[in-house]
Amino acid sequence: MRTAAASVAVVLISLLVACGPEGRGRLADDDGTGADASTSGPEVCDDAIDNDGDGRADCSDIDCSGVGMCPICGSVEDPAATPLALPDGIGMSTMCSTDADCTDPTIPNCVAKECHASYTSTLNFIGFPMNSMLADPTKLLSVCVEMEHSYLRDLQMELITPSGGVFILHKFVARTGGEIYLGLANDADTAATPVPGTGATYCWTPAAPVPMLDTTGTSGPTQAAGSSQELVPGNYKSIAPWTSLTNTKLNGMWTMRVTDLWPADNGFMFKWSIKFDPSLVSDCAGPIIL
Ligand SMILES: [Ca+2]
Ligand SMILES: [Ca+2]
Ligand SMILES: [Ca+2]
Ligand SMILES: [Ca+2]
């Protein structure tokens, strides 16, 4: 959508060209679309002109992603209004194959074949071209959480795609194994009166070499955190291969689902985010989520 300011600028430039001497720069509207006022490039992000002639002006142009007042294109962060206490090991006894088997509304999510209460947060994407698919999965650049938890092994973390696929980021292995924190967890509170510790940011990316926890229960790198060990904040490999995201729908509901499968140790979600390559977005100035 062209802004009122942009329209005024184009009109002014057209008048200048009409009145000016012949052959003084190419500012003509060659194709009658009004979109090619000047195509000398590179894109200047605050002049209401499509400087590089790619049909997108200023913040609409991916070249302006994160420049000046323009938002980082393709990246959405969903902060919790207040640090959100994760349901702590609620469920466990009801077996399932899919969410449809979990008919008790207090434990609606089928995770590791058990019905559980989970933290879920959904972002409804609308900013990609209609019906577009994630042909190159590496263009989903990262999925991140900021959280704290006093027992990494309690958790399963998943990204549910608009195509309905459950993409496992971090997998629950078994109710056994040594204590590993996410962030600087508060390990002195209880599920009845949870008190947040300090969150840290963990991301899943297409090229990260090691998972948070592999299928044998071996963790990624840890560092001292008080009397315990904390998983080092940073980038991790997802348990599901990144290539399994190929050709998922781009527009629609992207849901983060975090489930704690074992009572006693609890944790908090502070925010989560998802970052796409800006080249996937149809208009970087337009809303990307509803
Ligand atoms: Ca411009
Ligand atoms: Ca442009
Ligand atoms: Ca705690
Ligand atoms: Ca727990």
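Residues numbered from 1 in each chain as written. Chains lettered and ligands numbered in written order. Predicted model: local features only at pLDDT ≥ 70, side-chain atom pairs only at ≥ 80, totals over all residues.

Explain the overall build of the protein to me, please; I cannot follow it from the model alone.
Regarding its fold elements, the protein presents one helix and 15 strands. Residue burial in the protein is summarised as follows: out of 290 residues, 36% are buried. A sequence separation of at least 24 residues applies to 69% of the contacts in the protein between residues at least 6 apart. (Helix = DSSP H or I, 4+ residues; strand = E, 2+ residues; numbered from the N terminus. Buried ≥ 20, exposed ≤ 12 C-beta atoms within 10 Å, placed from the backbone. Contact = placed C-beta atoms within 7 Å.)

How should the sheet that holds strand β7 (residues 155-160) be read in this particular structure?
Strand pairing in a sheet relies on backbone hydrogen bonds, with the paired strands running either antiparallel or parallel. Within the open sheet, the four strands sit side by side as β5-β14-β7-β8. Their pairing is antiparallel. Bordering the open sheet on either side are β5 (119-125) and β8 (166-170), each of which pairs with just one other strand. Taken over all neighbouring pairs, the strand axes of this sheet differ in orientation by 20 degrees on average, direction set aside. (Pairing = 2+ DSSP bridges. Axes fitted to C-alpha atoms, helices over the stretch in contact; angles between N-to-C directions.)

Explanation requested: the sheet that holds strand β4 (residues 114-116) in the structure shown.
Reading across from one edge, β2-β4-β3 is the order of the three strands in this open sheet, with antiparallel pairing throughout. Of all the strands in the sheet, just β2 (91-95) and β3 (109-111) have a single pairing partner and so form its edges. Across the sheet, the mean angle separating the axes of adjacent strands is 45 degrees when strand polarity is ignored. Sheet topology places β3 next to β4; three bridges connect them, and they run antiparallel. Considered in β4, the bridge of C110 is made with C115.

Could you clarify how one ought to interpret the nonpolar core in this entry?
What tends to happen in soluble globular proteins is that the nonpolar side chains get buried as a cluster. L152, L169, L182, V258, M269 and V281 are the most contacted members of the largest nonpolar core, which has 55 residues in total. Top contributing element to this core by residue count: strand β15 (residues 267-276), with five residues. If we skip the residues at most four places from it in the chain, L152 touches I180, L182, M212, L213, S219 and L231. (Core = buried A, V, L, I, M, F, W, Y, C linked by C-beta atoms within 7 Å.)

How should the pairing of β8 be read in this particular structure?
Regular strands place side chains that alternate from one sheet face to the opposite one. Bridge count for β7 against β8 is four bridges, and the pairing is antiparallel. Pairing of L159 across the sheet is with F167, part of β8. Connecting β7 to the next strand, β8, in antiparallel fashion are five residues, including G164 with a positive phi near 95 degrees.

Explain the confidence of the model for the protein here, please?
The predicted coordinates should not be examined in detail at positions where pLDDT is low. Looking at the protein, the pLDDT average stands at 88 and 87% of residues meet or exceed 70. Scored below 50 in pLDDT, residues 1-32 shows 21 contacts in the model against residues more than four places distant or in partner chains. (pLDDT = per-residue confidence, 0-100.)

What am I meant to see in unusual backbone geometry here?
Residues apart from glycine generally show negative phi values, whereas peptide bonds are mostly found in trans. Of note, the phi angle at N131 is positive, near 65 degrees, even though the residue is not glycine. Locating N131 in the fold gives a position in the loop between β5 and β6 (140-149). Even without being glycine, A264 reaches a positive phi, approximately 105 degrees.

Looking at this structure, how should I read the environment of C115?
Checked against the element boundaries, C115 lands in strand β4. C115 sits in the buried class, given 22 other C-beta atoms within 10 Å. For the pair C115 and S93, spaced 22 residues apart in sequence, the C-alpha separation works out to 7.5 Å. Contact partners of C115, with chain neighbours within four places excluded, come to G91, T94, C96, C102, D104, I107, N109 and C110.

Would you mind going over the environment of G165 with me for this structure?
If you trace the backbone, G165 turns up in the loop between β7 and β8. Owing to 14 C-beta atoms within 10 Å, G165 belongs among the partly exposed residues under this scheme. Distance in space between the C-alpha atoms of G165 and S244 is 9.2 Å, their sequence separation being 79 residues.

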